[in-house]
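Each chain, written out:
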Amino acid sequence: MLTRRIIPCLDVKDGRVVKGTSFVQLRDAGDPVEQATAYDAQGADEVCFLDISASPEGRSTILDIVSRTADCVFAPLTVGGGVRSVDDVERLLLAGADKISINTAAIRDPALVSRAAERFGNQAIVVAVDAKRRGDGTWEVYSHGGRTPEGLDALAWCVEMAARGAGELLLTSMDQDGTRTGYDLPLVRTIVDAVTIPVIASGGVGTLDHLADGLDIGGADAVLAASIFHYGHHTIGEAKAHLRERGLPVRIT
Amino acid sequence: MIAIVDVCSGNLRSVEKAVAAAGGDAVVTRDGEVVRKADKVIVPGQGAFGAFTRGLAERDLEAPLREVIARGTPYLGICLGLQVLFDESEEQGPQRGLGLVKGKVVRFRPAKHELKVPHMGWNQIRRRAGDPVGDAIADGDHVYFVHSFHVVPDDPAVTVMESDHGGRFCAAIRQDNLFAVQFHPEKSQRVGLSLLEQFVRSSGRT
């Protein structure tokens, strides 16, 4: 039986991890490669880098980080942030990433998702969707790191992205992100029920039960979290043990 | 020297680094002459079956691969490197494979909505003991899969590992010097590295 995945996400700016960390064993807590290696050792099912650099110089550092990570981390690696073209996707894959996450560029040019999926396979293309609640029980898609409303219905958008060849959806609730009060479970459930590709729930985790809720109540295939792991509140191993107690299938290493 | 055959550009760096970590002396190559000289070959591949067979043709790799396989060179196929050995795939097709293992490649058609396609993530292996490479993995170990199609060999005896996604499917085959897996050992942490170590160390044949 396929197990549910736990994916720690590292926000990287100009080659450094932003949001602190209290991994005491690290020589350089700001080094994304060291952090990815530590998560790998803890048994993370995948690792995700989100590049939030604003400048081209900052962005160029992500390729080096990806290739240095691929040298020593033998677990799946997803990379997103600032991906604009099929060439960007290819550069990251050649550097050693397995899956590339596309967000704003997919909104500007939905056919980019089809072109990238045809070239590299659906399994390599993740579409990241940042969604925010509207008053009427639906959700709207936001771009540019959640700053710009796009007037797109999140449900229709996710269905379209799956049809265009996305192999997976990374679904972030803008309302919940940073609140530590749990995922937007109705959002997760709505999208999970509408598509046949895997969905990663993101945004709002504060406790281990939130992770379990995202998988159990939300029905997500994987859960992404940042601060709950970065600040040393919990290890990946503790999270897996908790999920197993809640009856969810997980890989214990 | 182990040749990691670059049929269809993608993430080969991870395979290269994992084989190196497993103690192998490997080069990534798209040069048929290098493939011909290799002691062992690894054929990784992700993406579309058709793009992969086109890559074999355009890079003039089909003939050298057929030669070394016929000569008995130990072969490790990963993902498309498994699927391409079969007669045909129904992906955007049917499309012809190398026809070295009898059978076909079919899409997952899970009956339940909860079972997603691509089959993506860590799943458990049931294995038949006795394979010189496959024995590196224990029954019940988890390995990383990412694929929408899976192989169905005509002869069930070639299947040495299975996993389950809405029904059992073939996760690895052995036929003479051919050993090939649907999952990604280069992405399967310790378990995957142990399989690569075994391929590097062993004679690679039955």
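Up top you'll find the structure we're talking about.
Caption draft 1: Quick peek at empty space enclosed by the protein. Residues and elements named next belong to chain B. What the rule picks out here adds up to 3 cavities of 30 Å³ or more. Around the largest cavity, the lining comprises 22 residues; the ones closest to its centre are Cys8, Gly10, Asn11, Gly45 and Gln46. Residues belonging to the lining of the largest cavity are distributed by class as follows: 11 nonpolar, 8 polar and 3 charged. Its boundaries defined by the atoms lining it, the second largest cavity holds a volume of some 50 Å³. Along the lines of polarity and charge, the residues of the lining of the second largest cavity split into 2 nonpolar, 3 polar and 3 charged.

Caption draft 2: Geometry of the packing of helix H2 (residues 56-72) of chain A against helix H1 (residues 13-21) of chain B. H1(B) packs onto H2(A) with a crossing angle of 35° between their chain directions and a minimal axis gap of 8 Å. Seen from above, H2(A) lies across H1(B) with right-handed handedness. In this structure, H2(A) uses A:Ser67, A:Ala70 and A:Asp71 to contact H1(B), whose residues at the interface are B:Arg13, B:Ser14 and B:Lys17. For the contact of H2(A) with H1(B), the class distribution of residues is 1 nonpolar, 2 polar and 3 charged.

Caption draft 3: Geometry of the pairing of strand E1 (residues 5-13) of chain A. All names here are of chain A. Burial analysis of E1 places 8 of its 9 residues in the buried class, the great majority of the element. With 4 bridges joining them, E1 and strand E11 (residues 222-225) adopt parallel strand pairing. In the sheet register, Ile6 faces E11, and the bridge partner there is Val223. In the sheet, E1 pairs with strand E3 (residues 47-51) via 4 bridges, with the strands oriented parallel.

Caption draft 4: View of the pattern of salt bridges. On inspection of all chains with the given rule, the structure shows 32 salt bridges over all chains. Between B:Arg13 and A:Asp71 there is a salt bridge whose closest N-O contact spans 2.8 Å. With B:Arg13 in helix H1 and A:Asp71 in helix H2, this pair bridges two chains. In this structure A:Asp71 comes out as partly exposed when scored by relative accessible area, which is 31%. Between B:Asp131 and B:Arg174 there is a salt bridge whose closest N-O contact spans 2.6 Å. Of this pair, B:Asp131 sits in the loop between strand E9 (126-127) and strand E10 (142-147) while B:Arg174 sits in strand E13 (residues 168-175), and the two are 43 residues apart along the sequence. One salt-bridge network, held together by shared partners, links A:Arg5, A:Glu46, A:Lys99 and A:Glu168.

Caption draft 5: Molecular detail of the sheet that holds strand E4 (residues 75-78) of chain B. Residues and elements named next belong to chain B. Taken together, the 8 strands give an open sheet; going across it, the order is E2-E1-E3-E4-E14-E13-E12-E9, and neighbouring strands pair in mixed fashion. Strand pairing shows two members of the sheet lacking a second neighbour, strand E2 (26-29) and E9, which therefore form its edges. Bridge count between strand E3 (residues 40-43) and E4: 3 bridges; the pairing is parallel. Each bridged residue has a counterpart across the sheet, and for Ile42 the counterpart in E4 is Leu76. Contacting strand E1 (2-5), E2 and E3, H1 runs over the sheet at an angle of about 160° to E1.

Conventions used here
- Residues numbered from 1 in each chain as written.
- Chains lettered and ligands numbered in written order.
- Predicted model: local features only at pLDDT ≥ 70, side-chain atom pairs only at ≥ 80, totals over all residues.
- Heavy atoms only, no water.
- 1 Å grid on protein atoms, 1.4 Å probe; cavity = no way out; pocket = protein on both sides within 12 Å on 5 of 7 lines; lining within 4 Å.
- Points joined across faces, edges and corners; volume = space filled by probe spheres on them.
- Nonpolar A, V, L, I, M, F, W, Y, C, P; charged D, E, K, R; others polar.
- Axes fitted to C-alpha atoms, helices over the stretch in contact; angles between N-to-C directions.
- Helix = DSSP H or I, 4+ residues; strand = E, 2+ residues; numbered from the N terminus.
- Left-handed = near helix turned anticlockwise from the far one by under 90°.
- Contact = heavy atoms within 4.5 Å.
- Buried < 20%, exposed > 50% of the residue type's maximum accessible area, 1.4 Å probe, protein only.
- Pairing = 2+ DSSP bridges.
- Salt bridge = Lys/Arg side-chain N within 4 Å of Asp/Glu carboxyl O.

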